[in-house]
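# Survey of secondary and tertiary structure
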Amino acid sequence: MRRLLALSTLLAAASTASAQQPYENPKYPQADKFRQLDELLPTPNVYRTASGAPGPEYWQQQADYVIEVELDDVNQRLTGYETITYTNNSPDTLNYLWVQLDQNRFRPDSDDMLTRTTGGLDRLSFSQLDSMLYRMGFEGGYDISEVSYANGRPLKHTIVRTMMRVEPDKALEPGDTFSFNIGWSNNIIDADRVRSRGGYEYFPEDDNYIYEIAQWFPRMAAYTDYAGWQHKQFLGNGEFTLEFGDYDVSITAPDDHVVASTGVLQNPRDVMTREQRQRFERAKNATEPVFIVTPDEAVANQQGAPAGTKTWRFVAEDVRDFAWASSRKFIWDALGHDVNGNETMAMSFYPIEGEPLWSRYSTHTIVHTLNVYSRYSFDYPYPVAISVNGPVGGMEYPMICFNGPRPETDGTYTQRTKYGLIGVIIHEVGHFYFPMIVNSDERQWTWMDEGVNTFLQFLTEQEWEDNYPSRRGEPQDITGYMASQRQVPIMTNSESIQQFGANAYAKPATALNILRESVMGREAFDYAFKTYAERWKFKRPEPADLFRTMEDASGIDLDWFWRGWFYTTDHVDIAVTNVREYRVDTQNPLIEDALAREVRDAEPTTVSEQRYADARKYTDAFPELLDFYNSYDPLETTPAEMRRYERTLASLSEDRKALLELEENFYVFDFENVGGLVMPIILHLHYTDGTKEDIRMPAEVWRRNVEQVSTMHMTPKVLDRVVLDPYLETADTDLSNNHFPPRPERSRFELFEFNRQRPNPMREAIQEQERQSQGGRMGGEDDE
């Protein structure tokens, strides 16, 4: 295509072009999508500054724990006793304290159970029915045997479903410390039958169990400067936010069990053999993972029976939670790793059923994750990083995470299983940073840990190997969700989210990737994000602190981005609706008339003209009726026109004469914002000489009109065609309007034998129900 429009357009003068701007005066008032977020973000104060940094009087509480717990491997039950020491660092007087009782979620009368909805029981799988019946009959929740002062005197308390209010005789003044005891026991849930964040897995072939114990002890609820007590009931999706503290935990288990835990083992001589301790020391300086408990030893171990119990004692400093796992089936491998001077033991625990996949990939994936996350945020500060294979598909706690994928029983595995394992380990180890160190409020904002972490997971996966098949992060992978109807903004409470995985994981992760690659640029984004991570490690950020820090550290106004991506359900659909081509009118009649004749002569002959061309005309009989006008060409240049041109030329300065000789092509592009989300405009230009060019216009191009806009580009080349968003970097939901001139949509159709099966309304209704339920989420663990 030599020209995008007829050459008559080329004759339009530059002065005429200014009168052809169709989008300058919108017909209706528009929303200000570049309005600052002042009315949505909390007012800065002495605790949180307008820059997004902690304020000069920032504070947070501290909760320290000494815990003794025993695992009953016969009855799948825990019995524990703890002493909590709570320090009131706030400026407030506290008349009572709130403690989380997460296991009460599994009581038959819990809010989680009573508020569950169903789409009907027309069609259930065996496992679904089994899970439902098991959950309804499971005797879950805590049996609280004691709540007392440090000296053992009973302490007044009130249980409110998944929370417990503790009421000391004397209020805690600012700076006070208060210690009290809680004794409890609870049944451990079968995590194979009910999706949960912790529980057990039973192996009938060898009559053994793997226990992954999480959210297992009564824990202090968070008291914050922005919300007071965070004591929203635990319903499953909204996880938790906790106080940092020091833990001293003694875990008594059968003496043939291997225990993996948050923290550092304090008594290896009591629980490990001499050979295991030697292997552990060797692993600290190894270049490949070293077996601490070998596969052969684990297989032999699971065939025996315990002679008694052992107590494993772990100490963890400055953590916000504590989790552990225990089994006689565990293989244990370890590899020492140095994260910029901080020595860490990367370790994996898994049964023989996980081989050979786990020994090959798990610990290496931990090391890779620590390297990449440390580069983008801060150096990993803890001495331990553990991945455990068991019944929980994916869940994280300080220094330890639970991950599910396993190979087939014959040891083979699919590509999906391999990358599922690597991906989930990256994701859960990444949670050691967000939110286990950058302590966001998961009960309120799932996206602040899941979305941010999924974004960093994408970066880490892309650095694992070429063409890593990431599930989330690429803009083109979120377009279906972005254009869907049943959705809520990212800034929605965790328990009210629809399409949980897409909303809380994929959309914020993709938004941050787009922000990095296409809005801010990598250098500006990485500096600002690292600033956020450094500012808020071991502290408690809110969304406003992330938003403000990213702007403060980069010098880029991003309120339009946060507003569109996080506070609305608008989607990206930008259309290129027209392209107009202009040249400067030389005002030389010889040149302009010749161009006009070229346009005229290129016009097609109409069908009537073709059919009357050979018909006999009246003037054929009377040629004397033909005169001057029958031979006159109005586009022939006359002497008078040349004289006027010469007089005009004589009146111009040399600079203006040079402008008349300009041979550049001026292209005006018309765009329409169909989806409503303002985004940068990225154009890929193809020229007739075979060359190409990219043009990038920031989102502010929409600041005066968020619905339609026109831009201009000047080039000596002749444009052939244009492509909008050529590298699929803006999550544009409709690519059919991204080409000018439009291109045909290509597809293929499938041939099949005609099926005379009669309609089955019930089957069709069930199929429709299944389609509508896809993308939802059952249970409460990470959506991996």
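Scroll up a little and you will see the structure.
Predicted model only: the values in this text are computed from it and were never measured.

## Considerations on the pattern of salt bridges
- In total, this model carries 42 salt bridges according to the counting rule given.
- Across the pair Arg 328 and Asp 73 runs a salt bridge whose closest N-O atoms are separated by 3.1 Å. Note that Arg 328 is positioned in the loop between β18 (324–327) and β19 (331–339) and Asp 73 in the loop between β1 (62–72) and β2 (77–87), a separation of 255 residues in sequence.
- For Arg 328, a relative accessible area of 4% translates into the label buried.
- Its relative accessible area of 14% is what places Asp 73 among the buried residues.
- A salt bridge links Glu 654 to Lys 657; the shortest N-O distance between them is 3.4 Å. With Glu 654 and Lys 657 both in helix α19 (residues 654–660) and three residues apart, this pair spans about one turn of that helix.
- Of the residues examined, Glu 654 reaches a relative accessible area of 59% and is grouped as exposed.
- Its relative accessible area of 21% is what places Lys 657 among the partly exposed residues.
- Among the ionic contacts, a cluster of salt bridges with common partners joins Arg 105, Asp 112, Arg 116 and Arg 135.

## Digging into the environment of Ala 575
- With respect to the element layout, Ala 575 can be found in strand β24 (residues 574–582).
- A C-alpha to C-alpha distance of 25 Å links Ala 575 and Pro 716, two positions 141 residues apart in sequence.

## Some thoughts on a nonpolar patch on the surface
- Taken together, Leu 121, Leu 124, Leu 129, Met 132, Leu 133 and Met 136 make up a surface patch of nonpolar side chains, about 550 Å² in accessible area.
- As for its placement among the helices and strands, Leu 129 is situated in helix α3 (residues 126–137).
- Among the residues examined, Leu 129 registers a relative accessible area of 38% and is labelled partly exposed.

## Notes on the nonpolar core
- The biggest cluster of nonpolar side chains holds 188 residues, and the ones touching the most others in it are Trp 216, Trp 565 and Phe 671.
- Counting residues per element, this core draws most heavily on helix α7 (residues 357–376), which supplies nine residues.

## Brief notes about the layout of surface pockets
- By volume, the second largest pocket is sized at about 500 Å³.
- Those elements that provide at least two residues to the lining of the second largest pocket are β14 (258–261), β15 (264–265), α5 (274–283), β17 (309–319), β19, β20 (342–350) and β21 (384–389).
- In terms of residue count, the dominant contributor to the lining of the second largest pocket is β20 (five residues).
- Its residues assigned to classes, the lining of the second largest pocket shows 16 nonpolar, six polar and five charged.

About the criteria used
Along each chain, numbering runs from 1 in the same order as the chain's sequence is written. Predicted model: local features are reported for residues with pLDDT of at least 70 only, side-chain atom pairs are reported and counted for 80 or more only, and whole-chain, interface and lining totals are derived from all residues. Derived side-chain values reflect all non-hydrogen atoms in the structure, with water molecules and hydrogen atoms excluded from consideration. Basic side-chain nitrogens of Lys or Arg form a salt bridge, by our definition, when they fall within 4 Å of a carboxyl oxygen of Asp or Glu. To qualify as a helix, a DSSP run of H or I must reach at least 4 residues; to qualify as a strand, a run of E must reach at least 2; elements of each kind are numbered from the N terminus. For every residue, the accessible area (1.4 Å probe, protein chains only) is compared with the maximum for its type, and the residue is labelled buried under 20%, exposed over 50%, or partly exposed between those bounds. Residues form patches when they are more than 30% accessible in relative terms and have no salt bridge. Like charges link within 9 Å. Nonpolar side chains (Val, Leu, Ile, Met, Phe, Trp, Tyr) link within 5 Å. Using a 1.4 Å probe, accessible areas were evaluated by the Shrake-Rupley method; residue-level cover was limited to the displayed protein chains. The criterion is simple. A nonpolar core is a set of buried Ala, Val, Leu, Ile, Met, Phe, Trp, Tyr and Cys residues joined through side-chain atoms within 4.5 Å. Using only the protein atoms, space was sampled on a 1 Å grid; points where a 1.4 Å probe fits but cannot get out form cavities, open sets with protein on both sides within 12 Å along at least five of seven lines form pockets, and lining residues are those with an atom within 4 Å of a point. Grid points are joined across faces, edges and corners, and a volume is the space filled by probe spheres set on the points. Ten residues, namely Ala, Val, Leu, Ile, Met, Phe, Trp, Tyr, Cys and Pro, are considered nonpolar, four, namely Asp, Glu, Lys and Arg, are considered charged, and the remaining ones, Gly among them, are considered polar.

The quantities given are spatial measurements derived from coordinates; they are silent on function.
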